[in-house]
Amino acid sequence: MQALWMLLASAMFAIMGCCVKLASEHGATLAQVVLFRGLPSVLLLVAWARIGGHSILPRAWKPHIKRNLAGVSSMWLGFVAISYLPLSTATSLNYTAPLFIACWMLGWGGAGRDGWRIAAVIIGFLGVLTVLRPSISGDQWLPAALGLAAGALSAVAMMQIRELGRLGEAEWRTVLVFSIAVCLSSLAGVWLLGWGWPDWEGIAALAGVGLSGMVGQLAMTRAFGAGSALLTAALQYTTIIFAALLGAAVWDEIPDTLAWVGMFGIIAAGLLSIWRTLQENREALRRAARQAASAGKAQA
């Protein structure tokens, strides 16, 4: 069931990307796309909290502010990339967050000369270059750079989510605060850019953004709470495969051999980085258990 929940989430996120691209092609503004991405989650979670009598106020505001500045910015930049690039290319760039986390661990996170993380970074960024080289034309380099920036900011958001977990913040409240920030940013975007007038296909695509994004978020939360974190993290990369299939079906975007090699390079690097992090966490838990056992024997 864990695998099925994550595969459902991956398919939903790929469909969401497809709907983002369709909505932008049919008259919707980027601000409208962002609004429809956040609004269903706000309505659902506020209703759930009210029925259950749960407080929606966070335990601490500062980590939420950092998480939302990075996460909302990442969403906007990622949607720009999806609007202008082939769907599989944009999705691949948006999934480079583990590579940036590995870079941070090597430089500032105390990982030192960790051979596994060095290998993950090299493989991952070679994969990025391989994806970009055959897939990007001259006028698409700016959206590609924004897509890569979205991956970097997503890495910052992930580290802040981890900090919120350490503080004991409930996952649903973290999602709610983020969704509210998404909606507020979209209203600012509407004020600055105006309200678009999409056709009926664009309206349907906007509805698809909200529905698929919400279902994907809920399915992913269920999957991460159901068992092996490594299996779940591995399966989330199937979003890239689903996106490639949708891009081929809807826009005839057929990745060539080099692009496929690059996509699998990004997937392999991300999995290597995640595996190394989980392995270090297990080693830290074993050391803590040994120290606790030694302290108990000393006291006895």
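For the structure itself, consult the block above.
Just so you know, these numbers come straight off a predicted model, no measurement behind them.

Trainee: I'm lost on the nonpolar core in this one. Help?
Mentor: One broad trend across soluble globular proteins is that nonpolar side chains are buried collectively. By size, the foremost hydrophobic cluster in this structure holds 48 residues, and its most contacted members are Val-20, Val-33 and Phe-79. Among the elements that line this core, the one with the most residues is helix α1 (residues 2-25), at nine residues. Sequence-distant contacts of Val-33, that is, excluding residues within four places in its chain, are made with Val-20, Ala-23, Ala-28, Phe-79, Leu-206 and Val-209. Trp-172, Val-175, Leu-176 and Cys-183 belong to the second largest nonpolar core, which has eight residues in total.

Trainee: Got a minute to help me understand the side chain of Ser-41 in this structure?
Mentor: By the element assignment, Ser-41 lies in helix α2 (residues 30-52). Setting aside residues up to four positions removed in sequence, Ser-41 forms contacts with Ser-179 and Met-214.

Trainee: Before we go on, may I ask you to explain helix α8 (residues 171-193) in this structure?
Mentor: Residues spaced three or four apart along an α-helix point in a common direction, a consequence of the helix completing one turn every 3.6 residues. The terminal C-alpha atoms of α8, which comprises 23 residues, lie 32 Å apart, in line with the 33 Å expected from a rise of 1.5 Å per residue. Two residues or fewer after α8 comes Gly-194, characterised by a positive phi angle close to 90 degrees.

Trainee: Explain a nonpolar patch on the surface to me, please; I cannot follow it from the model alone.
Mentor: A cluster of nonpolar side chains, namely Ile-56, Leu-57, Trp-61, Ile-65 and Leu-69, defines an oily patch on the protein surface of about 550 Å² accessible area. You can see Leu-57 is positioned in the loop between α2 and α3 (61-84).

Trainee: Can you walk me through the packing of aromatic side chains in this structure?
Mentor: Any pair of aromatic rings gets described here by the distance separating the centres and the angle formed by the planes. Tallying each qualifying case throughout the model produces two aromatic pairs. A centroid spacing of 5.0 Å and a plane angle of 70 degrees characterise the contact between Trp-48 and Trp-172, whose relative ring orientation is edge-to-face. Separated by 124 residues along the polypeptide, Trp-48 in helix α2 and Trp-172 in helix α8 bring together distant segments of the chain. A relative accessible area of 17% means that Trp-172 is categorised as buried. When the ring of Trp-260 is compared with that of Phe-264, the centres are 6.1 Å apart and the planes differ by 25 degrees; the resulting orientation is stacked. With Trp-260 and Phe-264 both in helix α12 (residues 257-299) and four residues apart, the pair spans about one turn of that helix. Over the face of the ring belonging to Trp-251 we find Lys-21, whose NZ or CZ atom lies 5.6 Å from the ring centre. The ring of Phe-178 is capped by Arg-67, whose NZ or CZ atom sits 4.1 Å from the centre of that ring.

Parameters and conventions
Numbers given for residues are sequential positions, taken from 1 along each chain in its written order. Since the coordinates come from a predicted model, pLDDT governs what is reported: local features require at least 70, and pairs of side-chain atoms require 80 or more to be given and counted, while whole-chain, interface and lining totals use all residues. The basis for every side-chain value is the complete set of heavy atoms in the structure, and neither hydrogens nor water enter the calculation. The nonpolar core is taken to be a set of buried Ala, Val, Leu, Ile, Met, Phe, Trp, Tyr and Cys residues, with the residues joined through side-chain atoms within 4.5 Å. Note on classification: 1.4 Å probe, protein chains only; a residue is buried when its accessible area is under 20% of the maximum for its type, exposed when over 50%, partly exposed between these limits. Runs of H or I in DSSP of at least four residues are treated as helices and runs of E of at least two as strands, each being numbered from the N terminus. Whether two residues touch is decided by their heavy atoms; if any such pair falls within 4.5 Å, the residues are in contact. Expected helix span is given by 1.5 Å per residue-to-residue step, counting one fewer step than there are residues. Here, patches come from residues exposed beyond 30% relative accessible area and free of salt bridges, joined within 9 Å for like charges and within 5 Å for nonpolar side chains (Val, Leu, Ile, Met, Phe, Trp, Tyr). Surface accessibility follows the Shrake-Rupley procedure with a 1.4 Å probe radius. Residue values consider only the protein chains on display as shielding. Think of a salt bridge as a Lys or Arg side-chain nitrogen and an Asp or Glu carboxyl oxygen that are within 4 Å of each other. Each Phe, Tyr or Trp ring (for Trp, its six-membered ring) is paired with any other whose centre lies within 6.5 Å, and the angle between the two planes then decides the class: stacked below 30 degrees, edge-to-face above 60, tilted in between. Ring-over charges, as used throughout, are those where CZ of Arg or NZ of Lys falls within 6 Å of the ring centre and within 35 degrees of the ring normal.

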